[in-house]
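# Close look at the chain arrangement
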Amino acid sequence: MSLATRPATSQVAVVGAGWAGVAAAVDLCAAGHRVTVFEMAQHLGGRARSLHEGRSEHPLDNGQHILIGAYTECLALMQRLGVDLDAALLRLPLRLRYPRHEGLRLPPGPPLLSFARAVLAYKAWPLAVRLRLLLEATVWLGRGFRCAPELSVAQLCAGLPEVVKHELLDPLCVAALNTPAQRASAQVFLRVLHDALFSGRGSADLLLPRQGLSALMAAPAQQWLHAQGANIHTGARVSAIERAGRGWRLQVQGSALAEDARFDQIVLACSSTQAAQLCAELAPAWAQTARALRFEPIITVYLLAPGSRLPAPMVALAESANAPAQFAFDLGQLGHAPGLFAFVISGATAWVDLGLAETGAMTLEQARHEFVWASEPQVHRVLAEKRATFACTPGLQRPGAKVAEGLWAAGDYIEGPYPATLEGAVRAGRAAAKACITASR
Ligand SMILES: Cc1cc2nc3c(=O)[nH]c(=O)nc-3n(C[C@H](O)[C@H](O)[C@H](O)COP(=O)(O)OP(=O)(O)OC[C@H]3O[C@@H](n4cnc5c(N)ncnc54)[C@H](O)[C@@H]3O)c2cc1C
């Protein structure tokens, strides 16, 4: 069958049901394609998932996630799935609140103007420091928030006062790119700043989930896709992909479909390492680029302290050699678990090397030192995701969406302007679906 005679409604397999795979499956279903989703875990959601550990008193997420107002594609996806965004997400103006003082805080209004007003009003920094930051930001603005791809965030910010780097840019960089400033891509960092400050009113707002991550996306997605007639196989690991005429045949472990799963097209929405393995022979150059990506871990230390409350739902912390966490979240104030607190350690390579028990104990000490507690805090769980995100380094080569004819890749690691984020994943999923839909016409 030639491309011109391929049926407009095709059978499409989506391999992996993280946010990228779900975004692709939704668009494909909406376009009338027959969609089969294979997810090797028992639940949808990928790295942004709830842990389904039975009847735990405190159901946990795989790690604390935050969104920003500029994540338009994520928000549109959740809305399409029927999620009430106001109920699901606490929207706060961008604010760096420290345990004992207010940091920079954007007042309401157009983000760019708010940023200038926030910096000028931030009296904790001498006037000369505030003016220096505004001057530098004006230079970035003049250059369209673009820079040479080989520049690191540390190099980009080299001329700025230490206090600005330490209190503002380093925490923003590690939060957004999960890569420390010395090793992080300035180009990607500027793009995130650009989108936060220029995507309209509310784009810099922080959106904190008021519910577990499953309620935010995975559960509504499963329902929506099911209602659209998609076949969803969980506990189904795709172990091989091979050509079958003009289409594809999948080998699937753990699914009733295992014997002969044939599809016109495939969206490969699994991790970069899995995708590289599955495509090693089909597309060696693509697989090589995917395989070359390096990763950064994130550790989340959950503390329990019944009756306690942090000064804000999200508090920034100063990381140091004895204090691992950069942010603390009060899950009681977020509405899901009173007395439960998530301490987040991004770019956590050194802490993983130290060991999780030791890191948990140091985080507990940090928490005791930084906050006043109504009851003695205790470590509840220490979760480490060693491959939380790809290391977003300067000049990084990322694989493109097209692997081969009719075989598309989606995921937060696919070539694009964003670091490894929910928004990057959803955009990649939608782009792969669009490519599939176009190819089937
Ligand atoms: C602890 C932590 C905190 C984070 N915090 C934030 C944050 O605050 N904000 C933000 O925007 N982003 C954050 N991220 C990043 C965000 O979670 C990811 O960018 C996003 O979830 C990636 O989605 P994805 O669909 O590309 O990949 P994944 O979520 O990895 O999905 C891939 C899916 O494919 C499945 N799979 C793999 N191999 C196979 C196979 N062979 N067959 C079938 N299925 C397979 C996997 O089980 C998985 O479900 C964080 C990540 C972590 C780990």
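Everything that follows concerns the structure shown earlier in this document.
Residues numbered from 1 in each chain as written. Predicted model: local features only at pLDDT ≥ 70, side-chain atom pairs only at ≥ 80, totals over all residues. Heavy atoms only, no water.

### What to know about the packing of aromatic side chains
What the rule picks out here adds up to seven aromatic pairs. Ring plane angle 85° and centroid distance 4.9 Å describe the contact between tyrosine 122 and tryptophan 125, whose orientation is recorded as edge-to-face. For the pair tyrosine 122 and tryptophan 125, one class covers both residues: buried. Each residue in the set Phe341, Phe343, Phe371 and Trp373 is aromatic and connected to the rest through ring pairs, giving one cluster. (Phe/Tyr/Trp six-rings, centres within 6.5 Å; stacked < 30°, edge-to-face > 60°. Buried < 20%, exposed > 50% of the residue type's maximum accessible area, 1.4 Å probe, protein only.)

### A few points about the environment of arginine 130
Inspection of the secondary structure assignment puts arginine 130 in helix H5 (residues 127-142). Its relative accessible area of 7% is what places arginine 130 among the buried residues. Separated by ten residues in the primary sequence, arginine 130 and leucine 120 place their C-alpha atoms 6.1 Å from one another. Arginine 130 has contacts with Val119, Leu120, Tyr122, Lys123 and Trp125, leaving out every residue within four places of it along the chain. (Helix = DSSP H or I, 4+ residues; strand = E, 2+ residues; numbered from the N terminus. Contact = heavy atoms within 4.5 Å.)

### As for unusual backbone geometry
Trans peptide bonds make up the majority, and among non-glycine residues the majority have a negative phi. Its identity is not glycine, yet phenylalanine 145 carries a phi of approximately 55°, on the positive side. Topologically, phenylalanine 145 is positioned in the loop between H5 and helix H6 (153-156). The exposure class of phenylalanine 145 is buried, given its relative accessible area of 6%. Positioned with a positive phi, asparagine 178 is a non-glycine residue whose angle comes to about 50°. Classification of asparagine 178 by relative accessible area gives buried; the value is 3%.

### Here we look at the site of the ligand
Contacts to the ligand come from 32 residues, most closely from Glu39, Arg47, His65, Ile66 and Asp412. Contact distances for the ligand include 2.8 Å between an oxygen atom and a side-chain N or O atom of histidine 65. One of the backbone N or O atoms of leucine 422 is found 2.9 Å from an oxygen atom in the ligand. With the chains in place, 93% of the 1000 Å² that the ligand exposes on its own is no longer accessible. Secondary-structure elements contributing two or more residues to the shell around the ligand are helix H1 (19-30), strand E2 (34-39), strand E9 (237-244), strand E17 (378-390) and helix H14 (422-439). Each residue belonging to the shell around the ligand can be placed in one class, and the counts come to 18 nonpolar, nine polar and five charged. Of the residues that make up the shell around the ligand, three or more belong to each of domain 1 (3-66 + 211-293 + 394-439) and domain 3 (295-390). (Near = heavy atom within 4 Å. Polar contact = N/O pair within 3.5 Å; in protein donor to acceptor, adjacent residues only side chain to side chain. Areas by Shrake-Rupley, 256 points an atom, 1.4 Å probe, with all protein chains shown as cover. Nonpolar A, V, L, I, M, F, W, Y, C, P; charged D, E, K, R; others polar. Domains from an automatic or database assignment.)

### So, the packing of H1 against H14
Here H1 crosses H14 at 35°, and the two axes come no closer than 7 Å. Classified by chirality, the crossing of H14 by H1 is right-handed. Contacts from Trp19, Ala20, Ala23, Ala24, Asp27 and Leu28 of H1 reach H14 at Leu422, Ala425, Val426, Gly429, Arg430, Ala433, Cys436 and Ile437. Grouping the amino acids of the contact of H1 with H14 by side-chain chemistry returns eleven nonpolar, one polar and two charged. (Axes fitted to C-alpha atoms, helices over the stretch in contact; angles between N-to-C directions. Left-handed = near helix turned anticlockwise from the far one by under 90°.)

### Considerations on empty space enclosed by the protein
Counted by the stated rule, this structure contains two cavities of 30 Å³ or more. Roughly 50 Å³ of internal volume is contained in the largest cavity. If you trace the largest cavity, you find it lined by Leu92, Pro93, Arg95, Arg97, Leu206, Ala312, Pro313 and Met314. Residues belonging to the lining of the largest cavity are distributed by class as follows: six nonpolar, no polar and two charged. Volume-wise, the second largest cavity comes out at about 30 Å³. Lining the second largest cavity are Leu96, Tyr98, Gly103, Leu104, Tyr122, Trp125, Glu167 and Leu168. Of the residues that constitute the lining of the second largest cavity, the class distribution is six nonpolar, one polar and one charged. (1 Å grid on protein atoms, 1.4 Å probe; cavity = no way out; pocket = protein on both sides within 12 Å on 5 of 7 lines; lining within 4 Å. Points joined across faces, edges and corners; volume = space filled by probe spheres on them.)

### Quick look at the pattern of salt bridges
Opposite charge on two side chains permits pairing when their charged atoms draw close. The final tally for this structure, using the stated rule, is 18 salt bridges. In this structure, arginine 430 engages aspartate 27 in a salt bridge whose closest nitrogen and oxygen atoms are separated by 2.7 Å. With arginine 430 in helix H14 and aspartate 27 in helix H1, the pair connects residues that are 403 residues apart, well separated along the chain. Judged by relative accessible area, which is 32%, arginine 430 ranks as partly exposed. The exposure class of aspartate 27 is buried, given its relative accessible area of 14%. Salt-bridge contacts for arginine 91 lead to aspartate 205; the nearest nitrogen and oxygen are separated by 2.8 Å. (Salt bridge = Lys/Arg side-chain N within 4 Å of Asp/Glu carboxyl O.)

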